[in-house]
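Survey of secondary and tertiary structure
Residues per chain are reported as follows:
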Number of protein chains: 2
Amino acid sequence: MALPETVDLAIIAIPAKFVASAVEECGLKGVKNVIVISGGFREVGTEGAKLEYNLIQIANKFGINLLGPNCLGMINAEIGLNATFSVVSPKFGDVAFLSQSGAFILAVILWAQKTKFGFSKIVSLGNKAVLSEADFLNYLAEDSATNVVMLYLEGIQDGRRFMETAKKVSKQKPIVIMKAGKTESGAKAASSHTGSLAGSYEVYKAAFRQSGIIVAETVEELFDFALALSKNRKAGSVAIITNSGGPGVMASDAVEIHGLKLAPLSSETIEALKKFLPPSANFYNPVDILGDADTERFSRAIEVISEDKEVGTILAILAPTAQIDFNKAVEKVLSVEKPVFCCFMGIDESCEERLIKNRIPNFFDPTRAVKAISAVDQYAKFDFSKKEIKKFEVNKKEADSIFEELMKLESRFVGVEGMKLLECYGINTAPWGMAKSADEAEKIAESIGYPVAMKIVSPDVIHKSDIGAIKLDVEKGEVKSSFYEIITRVENYMPSARIEGILVQKMVKGGREVILGMKKDPQFGEVIMFGLGGIYVEVFKDVAFRIAPLSFEDALDMIKSVKSFALLKGIRGEKMYDLNSLAETIVRFTQLSMDYPIAEMEINPLKVFEKGCIAVDFRMLLEVKK
Amino acid sequence: MALPETVDLAIIAIPAKFVASAVEECGLKGVKNVIVISGGFREVGTEGAKLEYNLIQIANKFGINLLGPNCLGMINAEIGLNATFSVVSPKFGDVAFLSQSGAFILAVILWAQKTKFGFSKIVSLGNKAVLSEADFLNYLAEDSATNVVMLYLEGIQDGRRFMETAKKVSKQKPIVIMKAGKTESGAKAASSHTGSLAGSYEVYKAAFRQSGIIVAETVEELFDFALALSKNRKAGSVAIITNSGGPGVMASDAVEIHGLKLAPLSSETIEALKKFLPPSANFYNPVDILGDADTERFSRAIEVISEDKEVGTILAILAPTAQIDFNKAVEKVLSVEKPVFCCFMGIDESCEERLIKNRIPNFFDPTRAVKAISAVDQYAKFDFSKKEIKKFEVNKKEADSIFEELMKLESRFVGVEGMKLLECYGINTAPWGMAKSADEAEKIAESIGYPVAMKIVSPDVIHKSDIGAIKLDVEKGEVKSSFYEIITRVENYMPSARIEGILVQKMVKGGREVILGMKKDPQFGEVIMFGLGGIYVEVFKDVAFRIAPLSFEDALDMIKSVKSFALLKGIRGEKMYDLNSLAETIVRFTQLSMDYPIAEMEINPLKVFEKGCIAVDFRMLLEVKK
């Protein structure tokens, strides 16, 4: 390092094996910022992983902010710095882009050239050995050149840190994310419903939602949403103005499909429109100014509409008729103070560039325009207020000693006997006892009262009802015979099953069955699942996920987010089920899941009544013991 | 008409009131083809409608093929005929485009100029006074210049004729449709589940599916699917080849999400790839040839992959790295015999034009490419074989006399008493009788056997269970008291309700509840609905629609197309329900619905057993009497 003075940024693009010593030299020279473009690290296998580990040690030793390795580098378009191996530089704009794929950045830069999309910063995250998306998010939150952050990610290592950062940042400026690797579910052979349903993308989506991040499902959505959010933070009701009936209808369809509302125009607005629009025009939303409209008619109409208090966002659709002068139409649109989205179909490049420069999105497809508006609406509706995470007073001492006992057992699997933990955490359970003999079964039944349910307890019998290893509504005098019947059935169908006993439990009649689940995710920790029991989970996969911890409001929101929520509100003359008690149970369940090393846990069913909830069955998988 | 000779085509663009006489002159002169561009007809109100009616009379008198009025005209790009008021003409290609919106055609032509999309014919359908989409479809089926037909429609007048034509045409060449006006459901206040669920777009979608038409939900899909189908008729399993991991992952995600399959590469293919790909490449599908791949590596890889028998379609993804020469990559792709879809990201216009000229779709967004492939797959999977529509032998004579009686009644609404019609059509019903007194109720119960169900019969009480006007499991000795109880409840809750009596019906225990419905649609006639009973219909809206008549296979396919079908296959150790009997019941129900002037009809519930089905409740709305 023969440089006379310390540099701000070193860019290293030499073979992998020489990188570590180069970074060390930087450290010795006091260089605090290093980009390692070189590949040949973790991504190529064990040898590379060792090189990367070494690199991290050095960076940490000198406190170096290291980007990469195995990345494209970084662009700061504001100051014209292109520290990548892309020969093309993007235009300066207000969208920052963080990407885990370098090649994708190359593609995006070329595409942005065509579409005049501008960027503030572009960062290729590479292997994220030292600096990760969370570090850059923190920076971008304070970056005045950036109005919206666009993220392309394939995976997140520290999910909790990412969420905390994203929550903070998204309050200040919108984050739009596209996550690849959605269907690669590592949960195919899980031991519970929660396990099999909590595929990684579902968990990511829950984390994004909770962090106030807008999710894009495709590349096009990623850019459309980012552009829409770079200027607009609120959508409100939508007014459509069009010179062509068809695209107007497409747009109204999309407004309903994407959960937005058409603004009801005031009678003043309608009167004002009637003054200059031809009588066969449509004065109601969507406002059709007809195919023979000239730019003047369009301009007057958009002006009138923009003054209506009910109108939040205007979608202006113009087909390229001979009467329309797009230069003037663009001019007019720029003067409107409310958010405007355009479908100026078939306009030339200079007009399009002018719109995009002023951050007014223009689409050929009305549906795409409406989707972009709905992203703005989604951002506006995020609730960024901080919810109190209440910790319930629980019988921690008893729970500790129960857990200690469970950890001593050979099996990681805990069945209904784990319900004692629920009781410590203030969750009601149906009274039960475990019987090793018919006599014992009868004794238990006598003490808890009839009728009872009787079920086999065996780590090997998962679907008990399939082999008739459950008897319901067992009355006085039937307990002993039921005991023998269940044992015989299990021995017939599964001779090798280890039988631990038979559970005798008070029959819990009525109520709506729901499932509460928890699965520990390697990135995000405790993931909580909620759904209605039986076929709603199994057939419709109608469940909601949230990352722990949860406030009472989070739990309530989670309950309301499943489609089958209608059944909890009570249909056909039923009373409403006790949502408050259910939400409280979810919070208590979450608290339990965070207090102990549990890999998976499920109350299935939890019965919800008009007043209160009762846990009927339970299973749990302990974390691997150290 | 001072022309010396008869012309092939007259184009009329004069004020509406002069159009009729101009067309008449054409007729007198023997002109057989007329385009009326002029507006001012049906679309402006009653006066215009009269003018249009007059126009139709004249056209019919002279046997004139009249396009319009109120249209943009027509383009035949093959012979360079532009009979529209668009100054720009599209390139010649093999896609025909029929559009109900003229302004949309203007936009499309300009957009196509940019994207080099080519058309064979473009027709602006206008008011469809004489010629409609069905006429043009018939023509296009035989048009050798057209490989695929793209339709933009807002409504269809004669749905049955459209379906018949489309069925015939789509066997020969694909039809892709976008239908606007999806959410405008006129069925909000209908009197049955079928009525409220059979919104017009659902009916259209059913008709399209049954006619072998591919449905596009957005404008982009319309063009993407048309281009994809202009060359390809079969998709098969998909092989992805990429020089960039990220977009490769996006594409694999999309393959799973859109119901396609990744081709399992043969061991020969994998061995062949290993010979020249670097060891850290991915040899399995998606094949990642890595970011440092040059065009030579890409070319060898795509060649090897295209020779694998398991591969149906190749999706080639290339990010614009320095090593890739897109000219050569395009060259290579053109030489591959299997269907290829490209995501050549950031390529220049000349390369893109070359791809599109050779009808190879190129996308920036991998998800969009995969969706286009899935449209091809959907077309390939349409079953165009003609199914026999079996007519069952029914007791038509008795049905006729029952129906005659019903038509004499004052109310159009028919309740459970209509079940007699089902019996005539060979559909099993639970034995029942109608009681006007408690004594009569007991007599009926005695004759059909206990236990029985008892329900109020009143045109005013729709949701009987909400007010407790149903008693189930009524045993011997309880009939009379139940009779009084129901009457009292109805009188308390709905004092004004007209009570026709109390239905006493044999209790039908067990079985899975389904709903069969029929609604007469103004465009398509009898629309049949199927779904599982209760919340599956009410909360999940999980229902299927088909346009009558139905073959046995159609009915079976309909049953299998609902999500909750899993429940009929039998979950958790249940036996499979009798799908054959259910399908037969649907066909018989359909036959009944077509034989009489019925507006709506519903069996709810129909109970399906391991063997057979039984109709438990029924309602019907007769058509307005003449």
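Everything quoted here is computed from the prediction, not taken from an experiment. (Residues numbered from 1 in each chain as written. Chains lettered and ligands numbered in written order. Predicted model: local features only at pLDDT ≥ 70, side-chain atom pairs only at ≥ 80, totals over all residues.)

1. Concerning the packing of helix α12 (residues 326-335) of chain B against helix α13 (residues 349-357) of chain B
All names here are of chain B. Contact pair α12 / α13: the axes reach a minimum separation of 10 Å and the direction vectors enclose 5 degrees. Taken as axis vectors, α12 and α13 run roughly parallel relative to one another. Side by side, α12 and α13 meet where Phe326, Asn327 and Val330 of the first sit next to Cys351, Arg354 and Leu355 of the second. Here the contact of α12 with α13 is composed, by residue class, of four nonpolar, one polar and one charged. (Axes fitted to C-alpha atoms, helices over the stretch in contact; angles between N-to-C directions. Helix = DSSP H or I, 4+ residues; strand = E, 2+ residues; numbered from the N terminus. Parallel < 35°, antiparallel > 145°, perpendicular 65-115°, else oblique. Contact = placed C-beta atoms within 7 Å. Nonpolar A, V, L, I, M, F, W, Y, C, P; charged D, E, K, R; others polar.)

2. Notes on helix α8 (residues 219-231) of chain B
With respect to burial, α8(B) is a largely interior element, twelve of its 13 residues being buried. The elements touched by buried residues of α8(B) are α14 (366-381) of chain A together with β6 (91-99), β8 (148-153), β9 (175-179), β10 (214-216) and α14 (366-381) of chain B. (Buried ≥ 20, exposed ≤ 12 C-beta atoms within 10 Å, placed from the backbone.)

3. Description of helix α10 (residues 267-276) of chain B
Residues and elements named next belong to chain B. Along α10, the residues that are buried comprise Thr269, Ala272 and Leu273. Angularly, the buried residues of α10 cover 100 degrees about the axis, an arc narrow enough to put them on a single face. Turned more than 90 degrees from where α10 packs its buried face, Ser267, Glu268, Glu271, Lys274 and Lys275 sit exposed. Among the structural elements, β12 (287-288) and α11 (295-306) are those in contact with the buried residues of α10. (Arc of directions from axis to C-beta.)

4. A look at the relation of the copies chain A and chain B
With an RMSD of 0.1 Å, chain A superimposes on chain B once it is rotated by 180 degrees and translated 0.0 Å along the axis. The transformation just described matches what one would write down for a two-fold rotation axis. Every residue of chain A has its C-alpha some distance from the rotation axis, and the shortest such distance is that of A:Phe540, at 4.5 Å. Comparing contact sets, 100% of the residues at the interface of chain A also lie at the interface in chain B, consistent with an isologous, same-surface contact. (Least-squares fit on C-alpha atoms with pLDDT ≥ 70 in both.)

5. Examining the nonpolar core
Counting 412 residues, the largest nonpolar core has A:Val176, A:Leu315, B:Val176 and B:Leu315 as its most contacted members. The contact partners of A:Val176, leaving out residues within four places of it in the chain, are A:Val148, A:Met150, A:Leu151, A:Ile214, A:Ala216, A:Leu222, A:Phe225, A:Ala226 and A:Leu229. (Core = buried A, V, L, I, M, F, W, Y, C linked by C-beta atoms within 7 Å.)

6. Things to note about the interface of chain A and chain B
Accessible area lost upon the coming together of the parts serves often as the stated size of an interface. Facing 54 residues of chain A, the contacting portion of chain B comprises 54 residues. Every element with two or more residues in the side of chain A that touches chain B is listed here: α3 (102-115), α8 (219-231), α9 (245-257), α14, α19 (535-538) and α21 (566-569) of chain A. Among the elements that take part in the side of chain A that touches chain B, α9(A) stands out by supplying eight residues, more than any other. In terms of residue class, the side of chain A that touches chain B is built from 24 nonpolar, 19 polar and eleven charged.

7. So, the confidence of the model for chain A
All names here are of chain A. Taken residue by residue, chain A gives an average pLDDT of 90. The fraction at 70 or more is 96%. Within chain A, the lowest mean pLDDT, 52, falls on helix α6 (residues 193-197), and the highest, 98, falls on strand β13 (residues 313-318). Segment residues 185-192 is flagged for pLDDT under 50; beyond a separation of four residues in sequence, or across chains, it makes 15 contacts in the model. Reported for the predicted complex are a pTM of 0.88 and an ipTM of 0.84. (pLDDT = per-residue confidence, 0-100.)

8. Points about the pairing of strand β21 (residues 525-532) of chain B
All names here are of chain B. Burial runs high along β21: seven of the eight residues are buried. Where strand β20 (residues 512-521) and β21 come together, eight bridges link them in antiparallel fashion. Across the sheet, residue Lys519 finds its bridge partner in β21, namely Val527. The antiparallel pairing of β20 with β21 creates a hairpin that spans three residues between the two strands. (Pairing = 2+ DSSP bridges.)

9. Notes on the sheet that holds strand β4 (residues 73-76) of chain A
Residue and element names in this part refer to chain A. Ordered by their spatial adjacency, seven strands build an open sheet running β5-β4-β7-β6-β8-β9-β10, and the pairing between neighbours is mixed. The open sheet has two free edges, formed respectively by β5 (81-84) and β10 (214-215), since each of these has just one partner strand. Here strand β6 (residues 91-99) pairs with strand β7 (residues 118-124) via six bridges, running parallel. Within β7, the position partnered with Lys91 by the bridge is Gly118. On top of the sheet, helix α4 (residues 133-142) reaches β6, β7 and β8 (148-153); it is set at about 170 degrees to β8, its chief contact.

10. Quick word on the domain arrangement of chain A
Residues and elements named next belong to chain A. What the domain assignment lists for chain A is domain 1 (10-67), domain 2 (73-230), domain 3 (232-381), domain 4 (385-428 + 511-626) and domain 5 (431-507). Relative placement of domain 4 and domain 5: their C-alpha centres are 25 Å apart. Listed as interface residues are five residues of domain 4 and, on the opposing side, five residues of domain 5. For the side of domain 4 that touches domain 5, a count of residues per class yields two nonpolar, two polar and one charged. (Domains from an automatic or database assignment.)

11. Focus on the sheet that holds strand β17 (residues 452-457) of chain A
Residues and elements named next belong to chain A. Reading across the sheet, the four strands line up as β16-β19-β17-β18 and stay open at both edges, with antiparallel pairing between neighbours. Whereas interior strands pair on both sides, the edge strands pair on one side only; in this sheet they are β16 (432-435) and β18 (470-474). Each adjacent strand pair in this sheet contributes to an overall mean axis angle of 20 degrees, direction not counted.

12. Quick notes on the packing of helix α20 (residues 552-560) of chain A against helix α22 (residues 579-595) of chain A
Residue and element names in this part refer to chain A. Between α20 and α22, the least distance of the axes is 8 Å, while the angle of their chain directions is 115 degrees. Seen along the crossing, α20 lies across α22 with a hand that is right-handed. Residues Phe552, Ala555, Leu556, Met558 and Ile559 of α20 touch α22, and the partners they reach there are Leu579, Leu582, Ala583, Glu584, Ile586 and Val587. Here the residues of the contact of α20 with α22 are counted per class, giving ten nonpolar, no polar and one charged. (Left-handed = near helix turned anticlockwise from the far one by under 90°.)

13. Quick notes on the environment of A:Ala112
Residue and element names in this part refer to chain A. Mapped onto the secondary structure, Ala112 falls in helix α3. For Ala112, a count of 21 C-beta atoms within 10 Å corresponds to the buried category. C-alpha separation for the pair Ala112 and Lys91, spaced 21 residues apart in sequence, amounts to 8.0 Å. Apart from residues lying up to four places away in sequence, Ala112 is in contact with Pro90, Lys91, Phe117 and Phe119.

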